[in-house]
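Understanding the architecture of this molecule
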Amino acid sequence: LAENNNNIYNNYNNNPVAVVTGPGPGYQERETWTRQMDFMMSCVGFAVGLGNVWRFPYLCYKNGGGVFLIPYLLIVVVGGIPIFFLEIALGQFMKAGSINVWNIAPLFKGLGYASMVIVFFCNTYYIMVLAWGFYYLIKSFNSPLPWSTCDNEWNTNNMTCAEMANARSPIIEFWENKVLNISSGLDETGEFNWELTLCLMAVWVMVYFCVWKGVKSTGKIVYFTATFPYVVLIILLVRGVTLPGAYDGIMFYIKPDWSKLEEVWIDAGTQIFFSYAIGLGALTALGSYNRFNNDCYKDAFVLAMINSGTSFFAGFVVFSILGFMAAEQGVDISQVAESGPGLAFIAYPKAVSLMPVAPLWAALFFFMLLLLGLDSQFVGVEGFVTGILDVFPGKQNFRYRREISVAICCLLCFIIDLSMVTQGGMYVFQLFDYYSASGMTLLWQAFWECIVVAWVYGADRFMDDVARMIGYRPFPWMKWCWSFITPCVCMGIFLFHLVNYKPLTYNNVYVYPWWGEVIGWCLALSSMLCIPVTLLYKLFRAKGTFKEVSSRSLTQKQNQTFEKLFTWLVNEKFLND
C-alpha cells in the first residue's frame, strides 16, 4: 500500500500536466475553511469548554494544588497531545468524518460508529447545562437576584434568610425547588418545567443556525464564541483579585501538598481525555476541512497549550471568588469549593449575591458560561452531521441536504432532552453524564484508536502520510506514544475505573435503583461494543478462512481506497501550490 501511494505521488511529481481540476473518482468536492485561523478557533471553541472552568480548578485543589500539575503535564505529553494530533491528522489526510476516516482499516470501522454514538449522547445531555445557564442569565437581570431572597414561592414556608442559613440556603432552594423542581427519584418523572423547556428550545435554535450552513459560517461564529469568554474571564479575574480573601483562595488553589502526589494520577488522566475532547470524532471532522498540506502537527501543540493554559488560568478566577465567599461567611475554603453544576449554579451564584452590583457580575458569568458551552455544542453537532453526510454522499446530494440533516439531528436530540426538563430530569442527566460519554468510554475509544493506527495500519506508514502532508516527519516520540505508551496509559486508567467502580448517586444521598444502573451501562456499552461487534460482523459476512478475510480486509480494500483517495489528495496539494 505504501509503495502504491508513493508511486501515485511520484507519478504526479513527474507528470504535473496530468493533474485534473476536479475531485478524484467517487469523492465529492469537500468544503474547506476560509482561513486556517477558522480551524484553530473552532478547535479552541470545541475543546475549551465548561470542563476547563468548573472541573480542572476543583481537581487541582482536591489533589494537592500545584502537585496536580506534575501528573497532569506528564499525561498531556504521553496521552493528550499524541491522540489529539492523531485525530486531526487522520481527518486531514482522509478528508472524511469520524466514520469514513476508518477506511484505513475497514475491519475496525466500528471505531467510527462508536465515536458517533458518543458524540450523539454528548450533544444530547451537554446542552442541558446551556439551558440552565441561559435560564440563570435571564434571571440575572432581576434586582435583587431571585436566589438571594427568601420570600419566594419556592422557598421553605415561614422562614427568614437567617433561619434558612442554618438549614438550606436560598441558593440551593432556588436551584433544586425552582430550576430543577426535583422529584424524589428516577422513578418519579413528574411534570415538565415549561420555562426550562423554552430555554432549551432557544438554545437548540441558536445551535442550529450556527451549524446549518457548514464550516463557512461556523468558522466565523467561533471568532466571537471562542474569544469572548477570555474577555469575561479577565474581567472576572480583575474583579476577583480585588475582593477580600482572594489571596487566600488563590494560595489554597496552587499551594503544593506533596503527600497527595501518589493519589492524583487517575484524576489527571481522566481530566486530560475529557477536556481535550478526545474520542468524540469531532476533531477528526474539523481536521477533514483543512487543506491537505496544512501543518496539523504544529496546530496540535498550539491548541494543547491553549487548552491546558485556559484550565490553569480559570483556576485563578474561580478560587479568587471562592476565597472571597469563604471570607464573607467566615468558613474554610474547602467548605465552599465545588465542581461541576455545584460550582456554576450554587457556589458562584452565592458569591455574586454577596458582591456590589450583583446582577452585573451574575450576567457576565452566565453569559460566559453560555458561550463556553455553545461553541462546544455546535462543533459537536457539526462533527456528528459531518460523519452522517460522509456516509451518504452522491445520491442524497440535493440542495438543502445539510440544512435538513442538521434540523433532524437537533430535533431528535431535543425530543430526548425533554426527559431532562421534567422533575426527574436531573437523575436522567446524571445517567447520561456518568455513563454515556464518561471517562471509561473515552479511554476505551482512545485505546483502540492508537492500536488500529499503530499496529493495524502501521505507525511508520501513518508517519509517512503525515510527512507527505506537512513536508517533514514528526518527532519519533509520536510513533512511540501511539504504539506503546498511550495505549498502556489508557488501558491502565480504564482498568482502574472498572475495578474501583462505584454505583451512581445524587448528592451522595439518593442511590439509583438497579434498573437505572442497567440503563446507564446500556448507554456505555452502546458505544463500546460497536468496535468488537462490527469486527465480528465483517469477519462472519466475508467468505474464506479467517486469515484470508483479514488479509483482504486490511490490504486490498485499503489499496483500492487509497488509490482513489491519494490521487485526489495529491491533486489538491498541487492545485493549492
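This is a predicted model, so every value here is computed, not measured. (Residues numbered from 1 in each chain as written. Predicted model: local features only at pLDDT ≥ 70, side-chain atom pairs only at ≥ 80, totals over all residues. Heavy atoms only, no water.)

1. Considering the overall build of the protein
As a reminder, the rule being used: Only DSSP runs of H or I with at least four residues qualify as helices, and only runs of E with at least two residues qualify as strands; both kinds are numbered from the N terminus onward. Exposure classes here rest on a 1.4 Å probe applied to the protein chains alone. A residue is buried below 20% of its type maximum, exposed above 50%, and partly exposed in between. Should any heavy atoms of two residues lie within 4.5 Å, those residues are counted as being in contact.
Helices and strands together make up the secondary structure of the protein, namely 24 helices and two strands. Within the protein, the fraction of its 577 residues that count as buried is 58%. For the protein, restricting intrachain contacts to residue pairs at least 6 apart in sequence, the fraction spanning at least 24 positions comes to 84%.

2. Describing the packing of helix H20 (residues 439-470) against helix H21 (residues 477-499)
Keep this limit in mind: Lines fitted to C-alpha atoms define the axes here, with helix axes fitted over just the stretch in contact, and angles between the N-to-C directions of these axes take values from 0 to 180 degrees. Should an angle fall under 35 degrees it is called roughly parallel, over 145 degrees roughly antiparallel, and 65 to 115 degrees roughly perpendicular, with every other angle called oblique. It is the rotation of the near helix from the far one that decides the hand of a crossing: anticlockwise by less than a right angle makes it left-handed, clockwise makes it right-handed.
Relative orientation of the contacting elements H20 and H21 amounts to 160°, with a least axis distance of 9 Å. One way to sum up the angle between H20 and H21 is to call them roughly antiparallel. Like other packed secondary-structure pairs, H20 and H21 cross with a definite hand, here left-handed.

3. Looking at the UniProt feature "binding site: Na(+)" (unreviewed entry) in the protein
Selection rule: UniProt positions are given in the numbering used here, feature names are shortened, and annotations may be inferred rather than shown by experiment. Whenever a nitrogen or oxygen atom comes within 3.5 Å of another N or O atom, the pair is scored as a polar contact, on the condition that within protein one atom can donate a hydrogen and the other can accept it, and that pairs from neighbouring residues in sequence are kept only if both atoms are in side chains.
In this structure's numbering, the residues bearing the UniProt feature "binding site: Na(+)" (unreviewed entry) are Gly 45, Ala 47, Val 48, Asn 52, Ser 275, Asn 307, Leu 372, Asp 375 and Ser 376. Across 332 residues, the annotated set stays spatially compact, with a maximum C-alpha separation of 14.2 Å. The residue Val 48 is located in the loop between helix H2 (36-47) and helix H3 (50-54) in this model. Taking relative accessible area as the criterion, Val 48 reaches 4% and is therefore assigned buried. Excluding residues within four positions of it along the chain, Val 48 makes contact with Cys 43, Tyr 230, Asn 307, Thr 310, Leu 372, Asp 375 and Ser 376. Examined against the element boundaries, Asn 52 turns out to sit in helix H3. For Asn 52, a relative accessible area of 1% corresponds to the buried category. In terms of polar contacts, Asn 52 uses its side chain to reach the backbone amide nitrogen of Gly 49, at 2.9 Å.

4. Comments concerning the nonpolar core
Selection rule: By nonpolar core is meant a set of buried Ala, Val, Leu, Ile, Met, Phe, Trp, Tyr and Cys residues that side-chain atoms within 4.5 Å join together.
In this structure, Phe 85, Trp 132, Trp 147, Trp 175, Trp 204 and Phe 345 are the most contacted members of the largest nonpolar core, which totals 192 residues. Of all the elements, helix H6 (residues 110-139) adds the most residues to this core, at 20 residues. In this structure Phe 85 touches Cys 296, Tyr 297, Ala 300, Val 466, Pro 474, Met 478 and Trp 482, once residues within four positions along its chain are discounted.

5. Here's the deal with the packing of helix H5 (residues 69-94) against H20
Packing of H5 against H20 brings their axes to within 10 Å, and their N-to-C directions diverge by 60°. Of the possible angle classes, the one that applies to H5 and H20 is oblique. When the axes of H5 and H20 are compared, the crossing they make is left-handed. Across the interface between the two elements, Ile 83, Phe 85, Leu 86, Glu 87, Ala 89, Leu 90, Gln 92 and Phe 93 from H5 touch Ala 446, Glu 449, Cys 450, Val 453, Tyr 457, Phe 462, Asp 465, Val 466 and Met 469 from H20.

6. Remarks on a nonpolar patch on the surface
This is how it is decided: Surface patches are defined over residues having more than 30% relative accessible area and no salt bridge, joining like charges when they lie within 9 Å and nonpolar side chains (Val, Leu, Ile, Met, Phe, Trp, Tyr) when within 5 Å. Computed with a 1.4 Å probe, the accessible areas rest on the Shrake-Rupley method; for each residue, only the protein chains presented here act as cover. A side-chain nitrogen of Lys or Arg and a carboxyl oxygen of Asp or Glu constitute a salt bridge if their distance falls within 4 Å.
On the surface, Leu 198, Met 201, Val 205 and Phe 209 cluster together into a nonpolar patch covering about 380 Å² of accessible area. Exposure remark for Val 205: the relative accessible area of 41% places this residue in the partly exposed category.

7. Re unusual backbone geometry
Residue Pro 144 follows Ser 143 across a cis peptide bond; omega there is 0°. As for its position among the elements, Pro 144 is in the loop between H6 and helix H7 (161-165). Not every positive phi belongs to a glycine, and Asn 181 is a case in point at roughly 45°. With respect to the helices and strands, Asn 181 occurs in the loop between helix H8 (170-179) and helix H9 (194-211). Phi is positive for Ala 277, which is not a glycine, with a value near 55°. Following the sequence through the fold, Ala 277 ends up in the loop between helix H13 (265-275) and helix H14 (282-288). For Ala 277, a relative accessible area of 6% puts it in the buried group.

8. What about H5?
Note on helix geometry: an α-helix contains 3.6 residues per turn, so any two residues three or four positions apart are oriented the same way. The test is simple: Take the number of residues in a helix, subtract one, and multiply by 1.5 Å to get its expected span. Here the bend at each residue means the angle between axes fitted to two seven-residue stretches, the one ending at that residue and the one beginning there.
Along its 26 residues, H5 runs 35 Å from first to last C-alpha, staying within 8% of the 38 Å computed at 1.5 Å per residue. Its axis deflected by about 50° at Val 76, H5 carries its strongest bend there. Taking burial as the measure, the 26 residues of H5 include 21 buried ones, the bulk of the element. Immediately downstream of H5, the backbone of Lys 95 shows phi near 50°, a positive value.

9. Quick notes on helix H17 (residues 358-391)
With 34 residues, H17 extends 50 Å from end C-alpha to end C-alpha; this agrees with the ideal 50 Å at 1.5 Å per step. Among the 34 residues in H17, 29 count as buried, and that is most of the element.

10. A word on the pattern of salt bridges
Under the criterion given, the structure shown has eight salt bridges. Among the salt bridges present, the one from Glu 195 reaches Lys 178, with a minimum N-O distance of 3.5 Å. Separated by 17 residues along the polypeptide, Glu 195 in helix H9 and Lys 178 in helix H8 bring together distant segments of the chain. Assessed through its relative accessible area of 36%, Glu 195 is described here as partly exposed. Close ionic contact of Asp 460 with Lys 479 constitutes a salt bridge, the shortest N to O distance being 3.0 Å. Highlighted residues: Asp 460 in helix H20 and Lys 479 in helix H21, separated in sequence by 19 residues. Each of the salt bridges in this network shares a partner with another, and the network as a whole consists of Asp 460, Asp 464, Arg 473 and Lys 479.

11. As for the packing of aromatic side chains
The cut-off we apply is this: Here a Phe, Tyr or Trp ring, Trp counted by its six-membered ring, pairs with any other such ring whose centre lies within 6.5 Å, and the pair is stacked when the planes are under 30 degrees apart, edge-to-face when over 60, and tilted otherwise.
Tallying each qualifying case throughout the model produces 57 aromatic pairs. An angle of 75° between the planes, with centres 6.5 Å apart, marks the rings of Tyr 457 and Phe 462 as edge-to-face. A relative accessible area of 2% places Tyr 457 in the buried class. Look at Phe 475 and Trp 480: their rings are 6.4 Å apart centre to centre, the planes differ by 65°, and that puts the pair in the edge-to-face class.

12. Focus on the side chain of Ser 308
Within the secondary structure, Ser 308 sits in helix H15 (residues 296-329). When its relative accessible area of 12% is taken as the criterion, Ser 308 is described as buried. Engagement of the side chain of Ser 308 in a polar contact is seen with the side chain of Tyr 72, the distance being 3.1 Å. Not counting the four nearest positions on each side in its chain, Ser 308 is found in contact with Tyr 72, Val 76 and Tyr 276.

13. Focus on the environment of Ala 202
Here Ala 202 is to be found in helix H9. Judged by relative accessible area, Ala 202 falls into the partly exposed class, the value being 26%. On a C-alpha basis, the gap between Ala 202 and Ala 131 in space is 8.2 Å, while along the polypeptide they are 71 residues apart.

14. Thoughts on the confidence of the model for the protein
Selection rule: Per-residue confidence from the predictor is given as pLDDT, running between 0 and 100.
Averaged over every residue, the pLDDT of the protein is 83; the share at 70 or more is 85%. Segment residues 1-27 is flagged for pLDDT under 50; beyond a separation of four residues in sequence, or across chains, it makes 44 contacts in the model. Segment residues 572-577: pLDDT under 50, and 16 contacts once partners within four positions in sequence are set aside and those in other chains are kept.

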